[in-house]
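# Structural characterization, general
Letter by letter, the chains look like this.
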Amino acid sequence: MRFTYYALAAAALTLAQPALASSSMGIEHVNSEHSFEQVTDQLSSTLAEKGLTLVASIDHAQNAANNELSLPATTTFIFGNPNVGTPMMQCQGSVALDLPQKMVVRETGEGVRIEWNAPQYLAERHQLETCDLPLDDVANVLRDVAESAAQ
């Protein structure tokens, strides 16, 4: 009887979770066989080539080291295009929490990984479904940027 109760309780908790995204929670990624430095340099170049404005980059590993902590090489690139982001924010102001777009380059046990938020995930998270936004185009640009940086 206990097993059944716990199984039912676990099932109820699972069903009660919000269905925002797949198991990746809206995080897309590509891996690279190149060094961290090569990937970050290439990402900076690719953003400029694609006409995306690099707003800032954050060296998390250096920030950790400045506080006598350790972290594998990890840098967040914050970038965007106001012609794309502004209509999203006009549709739903809360999307400004996630814009400008970000890509994280980090060293993992399997090599260097580039990660970013899927635009469709952001649309679901911020309820942008009623707006006519080019989310597939944005997704394609982000994937192109990441794949170019990874090569």
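Read on for an overview of the structure. All of these numbers come straight from a predicted model, not from anything done at the bench.

### Regarding the overall build of the chain
Helices and strands together make up the secondary structure of the chain, namely six helices and five strands. In the chain, the order of α-helices and β-strands from amino to carboxyl end is α-β-α-β-α-β-α-β-β-α-α. Within the chain, buried positions represent 32% of all 151 residues. Contacts in the chain between residues far apart in sequence, at least 24 positions, make up 66% of those at least 6 positions apart. As presented, the chain carries roughly 9,500 Å² of accessible surface, and 53% of it is formed by carbon and sulfur atoms.

### Comments concerning the pairing of strand β4 (residues 101–108)
In this structure, strand β3 (residues 74–80) lies alongside β4, joined through six bridges in antiparallel fashion. Paired with Phe79 across the two strands is Gln101, which belongs to β4. Examined bridge by bridge, β4 and strand β5 (residues 111–117) share six bridges and lie antiparallel to one another. Note that in β5 the partner of Val105 across the bridge is Ile114. A loop of two residues connects β4 with β5, the two strands running antiparallel in sequence.

### What about the side chain of Thr76?
Residue position: Thr76 is located in strand β3. A residue is classified by how much of its surface remains accessible, and Thr76, at 9% relative accessible area, is buried. Those residues in contact with Thr76, other than ones at most four positions away along the chain, are Ala56, Ser57, Ile58, His60, Lys102, Met103 and Val104.

### Quick notes on the pattern of salt bridges
When the charged atoms of two side chains lie near each other, side chains of opposite charge can form a pair. Applying the stated criterion to the full structure yields five salt bridges. As a salt-bridge pair, Arg106 and Glu115 come within 2.7 Å of each other at their nearest N and O atoms. Ionic contacts of the salt-bridge type, sharing partners, join the residues Glu28, Arg143 and Glu147 into one network.

### Focus on the packing of helix α2 (residues 36–49) against helix α6 (residues 135–150)
Remark: α2 packs on α6, axes separated minimally by 8 Å, with the N-to-C direction vectors making an angle of 140 degrees. Judged on the interaxial angle alone, α6 and α2 are oblique. For the pair α2 and α6, the crossing hand works out as right-handed. Where α2 approaches α6, its residues Val39, Gln42, Leu43, Thr46 and Leu47 are matched on the opposing element by Val145, Ser148 and Ala149. For the contact of α2 with α6, a count of residues per class yields five nonpolar, three polar and no charged.

### Quick notes on the sheet that holds β3
Read from one edge to the other, the open sheet built from five strands follows the order β1-β5-β4-β3-β2, with strand pairing classed as antiparallel. Edge positions in the open sheet fall to β1 (27–32) and β2 (53–59), since each of these has one partner strand only. Each adjacent strand pair in this sheet contributes to an overall mean axis angle of 20 degrees, direction not counted.

### Quick look at the state of the cysteines
Enumeration according to the criterion identifies one disulfide in this entry. Residue Cys91 pairs covalently with Cys131 via a disulfide, S to S 1.8 Å. Sign of the S-S torsion, about 90 degrees for the bond between Cys91 and Cys131, identifies this disulfide as right-handed. A residue pair is termed long-range when its members are at least 10 positions apart, and Cys91 in helix α4 (residues 82–91) and Cys131 in the loop between α5 (119–125) and α6 qualify at 40 residues.

The rules behind each value
- Residues numbered from 1 in each chain as written.
- Predicted model: local features only at pLDDT ≥ 70, side-chain atom pairs only at ≥ 80, totals over all residues.
- Heavy atoms only, no water.
- Helix = DSSP H or I, 4+ residues; strand = E, 2+ residues; numbered from the N terminus.
- Buried < 20%, exposed > 50% of the residue type's maximum accessible area, 1.4 Å probe, protein only.
- Contact = heavy atoms within 4.5 Å.
- Areas by Shrake-Rupley, 256 points an atom, 1.4 Å probe, with all protein chains shown as cover.
- Pairing = 2+ DSSP bridges.
- Salt bridge = Lys/Arg side-chain N within 4 Å of Asp/Glu carboxyl O.
- Axes fitted to C-alpha atoms, helices over the stretch in contact; angles between N-to-C directions.
- Parallel < 35°, antiparallel > 145°, perpendicular 65-115°, else oblique.
- Left-handed = near helix turned anticlockwise from the far one by under 90°.
- Nonpolar A, V, L, I, M, F, W, Y, C, P; charged D, E, K, R; others polar.
- Disulfide = S-S within 2.5 Å.

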